[in-house]
Amino acid sequence: MPRTLHEVVFVDGVRTPFGKAGEKGMYAQTRADDLVIKCIRELMRRQPNLPPESVDEVAIAATTQIGDQGLTIGRMAALLSGLPKSVPGYAIDRMCAGAMTAVTTTASGIAFGAYDVAIAGGVEHMGHHPMGEGTDPNPRIVAEKLVDPSALVMGKTAENLHDRFPAITKERCDAFAVGSQNKLAKAYAEGKIQQDLVPVATRHAEKGWGLATTDEPPRPGTTVEDLAGLKTPFRAHGNVTAGNAAGLNDGATACILASEEKAKELGLPVGMRLVGYSFVGVDPEVMGIGPVPATEKALKQAGLTIDDIDLFELNEAFAVQVLAFLDHFGIDAEDERVNAYGGAIATGHPLASSGVRLMTQLSRQFAEKPEARYGLTAMCIGIGMGGAVIWENPNHPDYGKEKVA
C-alpha cells in the first residue's frame, strides 16, 4: 500500500555555549553527555505544548564515541534528560556532519511516517576526546594508496585546497576570518546569539564553580595584521593558521523536528521546512570542496538554482573551504547573505554538534527576514565528504507553493 510522505519542519534548536578544548577550557571538568542533556531539557522546557511521550526518537551524534560520548549516547541522553523510558535513542557518526546527519536521518523517518516528532543533535568534547582518539586506521589506506596520507589530517587537506585554488590566498583567508569575528561580535551586541544558548554550570580545578553563558573561543577585535604573523603548523610557509581555521572545541546542540501536521496539532512553532538534502563523497585529500557538489546535487533534486538561495549558513572549518565554495558559485565573500552571525572560525566547531548550530541560526534569520524564501546549511566532512540541506522560510508569502520557473 503506497505511503503518503509528510512535510518535515524544524521546530526549535538550542546549543550550549562553545568552549575551548583543554585543561584551561571552561568544560574541562564537565561531562560530554551532560552538555547534550542540558540542550534536550531546555528544548522541552521551551516547548511546553510538546508532551514528552510524543517524542518518537532521539538521535545524537558524536565523532569519538567512547567514554562520556559513548554507550549509545542518544539513548543515554534521552533517559538522563527525563524523557519517558519508552522514548528510544541512538548514536550517529559522520564526523563534522554528525548533527546534520542526525537531522536528515530522523527527518527522513518523519517524512516516511515512522515518527511524528524527533530530537536530533550532536556533542563533541574535544578536550576529553581529541579527534582520532582510539581509532586504528586500516594500513591498507596508505599502503595501497587508496587516499593520500594527508587526508587523515584535516589541516593538511586545507593546505591541499590552497594548492588546488591558488587564487585563494592566505590574505583572503585572514580577511574572511576577521569578518567572521566581527559578525559574531555584532550579533552578540544585538542579542542575536544569546537566545540560542543554554547556560551550563561548570566546575574547574583552578577557577572553581562557574556558569557558561557565552562562547569561549571568539577573539573580538582581531585584525588582519594580528593574523598575518601566525604560524602555519600544517606546512612550512603555508596558508592555514589558528586564526583562519576553527579551533578545538567542546559543546553540544539539539533541535526538535516534527511533521508539519503534528506541529500544527500540538501548537508547536515552525522555524523552517525541510526542502531537500544531499551528502556526497569527494577526494579525501581535498575534503573541503565537499559542500560544492553536495549543494549542486541538493539544488538539482529540489528544482532550484543557487540564485534561489537567499541565506547561507556555511560551516567555517577553514576559511579556504568556505572561499572555495563562494568562488565556485560566484558569491562575494562579503555578501550579507553569508554567515550573517559569524561562523565557526569565531564561535568554535565542536565537530559533530555544528550542523544544528547552522540550522538554528538560519531559523532565527528566517524569522527576521520574511522576504528570504530559501536557505542553505552546508559543511565539509572529514575523509572526503560534503553535506548540504535546503530549507524554506514559513514566513515567506509564497511558503509551500511550488516554485514557478
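On a predicted model such as this, the values are computed, not experimentally measured, just so you know. (Residues numbered from 1 in each chain as written. Predicted model: local features only at pLDDT ≥ 70, side-chain atom pairs only at ≥ 80, totals over all residues. Heavy atoms only, no water.)

A.B. asks: I tried to follow the UniProt feature "domain: Thiolase N-terminal" (unreviewed entry) in the chain on my own but got confused; where do I start?
C.D. replies: Under the feature "domain: Thiolase N-terminal" (unreviewed entry), the UniProt entry names residues 8-261. Secondary structure content for residues 8-261 is 31% helix and 19% strand, while the C-alpha to C-alpha distance between its ends is 9 Å. (UniProt positions renumbered as here; feature names shortened; annotations may be inferred. Helix = DSSP H or I, 4+ residues; strand = E, 2+ residues; numbered from the N terminus.)

A.B. asks: What is the right way to look at the pairing of strand 7 (residues 208-212) in this model?
C.D. replies: For a regular strand, side-chain orientation follows a simple rule: the groups alternate between the two sheet faces. Relative to strand 7, strand 6 (residues 200-204) runs antiparallel, the two being bridged by 5 bridges. If you follow Arg203 over to strand 7, its bridge partner there is Trp209. Linking two consecutive strands that pair antiparallel, namely strand 6 and strand 7, is a turn of 3 residues. (Pairing = 2+ DSSP bridges.)

A.B. asks: For this particular structure, what's the right way to read the nonpolar core?
C.D. replies: The tendency in soluble globular proteins is for nonpolar side chains to be buried as a group. One finds Phe312, Leu314, Phe318, Leu326 and Leu376 to be the most contacted residues of the largest nonpolar core, which totals 44 residues. Secondary structure elements with two or more residues in this core: helix 5 (154-164), helix 6 (170-189), helix 9 (291-302), strand 10 (309-314), helix 10 (319-329), strand 11 (374-381) and strand 12 (385-392). In terms of residues, this core owes the most to one element, helix 10, which gives 8 residues. The residues contacting Phe318, other than those within four sequence positions of it, are Met154, Gly155, Ala158, Val240, Asn244, Ala245 and Met287. (Core = buried A, V, L, I, M, F, W, Y, C linked by side-chain atoms within 4.5 Å. Buried < 20%, exposed > 50% of the residue type's maximum accessible area, 1.4 Å probe, protein only. Contact = heavy atoms within 4.5 Å.)

A.B. asks: Any chance you could explain helix 3 (residues 98-112) here in plain terms?
C.D. replies: Relative to the 21 Å expected for 15 residues at 1.5 Å per residue, helix 3 spans 21 Å between its end C-alpha atoms, a close match to the ideal helical length. With 12 of 15 residues buried, helix 3 is to be regarded as a mostly interior element. Just past helix 3, the residue Gly113 takes up positive phi, approximately 100°. (Expected span 1.5 Å × (residues − 1).)

A.B. asks: Would you mind going over the packing of aromatic side chains with me for this structure?
C.D. replies: Both the distance between ring centres and the angle between the ring planes are used here to describe each pair of aromatic rings. What the rule picks out here adds up to 4 aromatic pairs. Ring geometry for Phe10 against Trp391: centres 6.0 Å apart, planes inclined by 80°, an arrangement best described as edge-to-face. Residue Phe10 is found in strand 1 (residues 8-15), and its partner Trp391 is found in strand 12; the two are separated by 381 residues along the sequence. Like Phe10, the residue Trp391 is buried in the burial classification. Ring plane angle 70° and centroid distance 6.3 Å describe the contact between Phe312 and Phe325, whose orientation is recorded as edge-to-face. (Phe/Tyr/Trp six-rings, centres within 6.5 Å; stacked < 30°, edge-to-face > 60°.)

A.B. asks: Explain the pairing of strand 8 (residues 249-259) to me, please; I cannot follow it from the model alone.
C.D. replies: Among the 11 residues of strand 8, 11 are classified as buried, and the element is accordingly described as predominantly covered. Of the two faces of strand 8, both are covered, the one formed by Asn249, Gly251, Thr253, Cys255, Leu257 and Ser259 as well as the one formed by Asp250, Ala252, Ala254, Ile256 and Ala258. The pairing of strand 1 with strand 8 spans 7 bridges and is antiparallel. Note that in strand 8 the partner of Gly13 across the bridge is Cys255. As defined by bridge partners, strand 2 (residues 19-20) adjoins strand 8 across 2 bridges and the pair is classed as antiparallel. By the bridge assignment, Gly19 is partnered in strand 8 with Asp250. The pairing of strand 5 (residues 117-125) with strand 8 spans 9 bridges and is classified as antiparallel. Looking across to strand 8, one finds that Val117 is bridged to Ala258.

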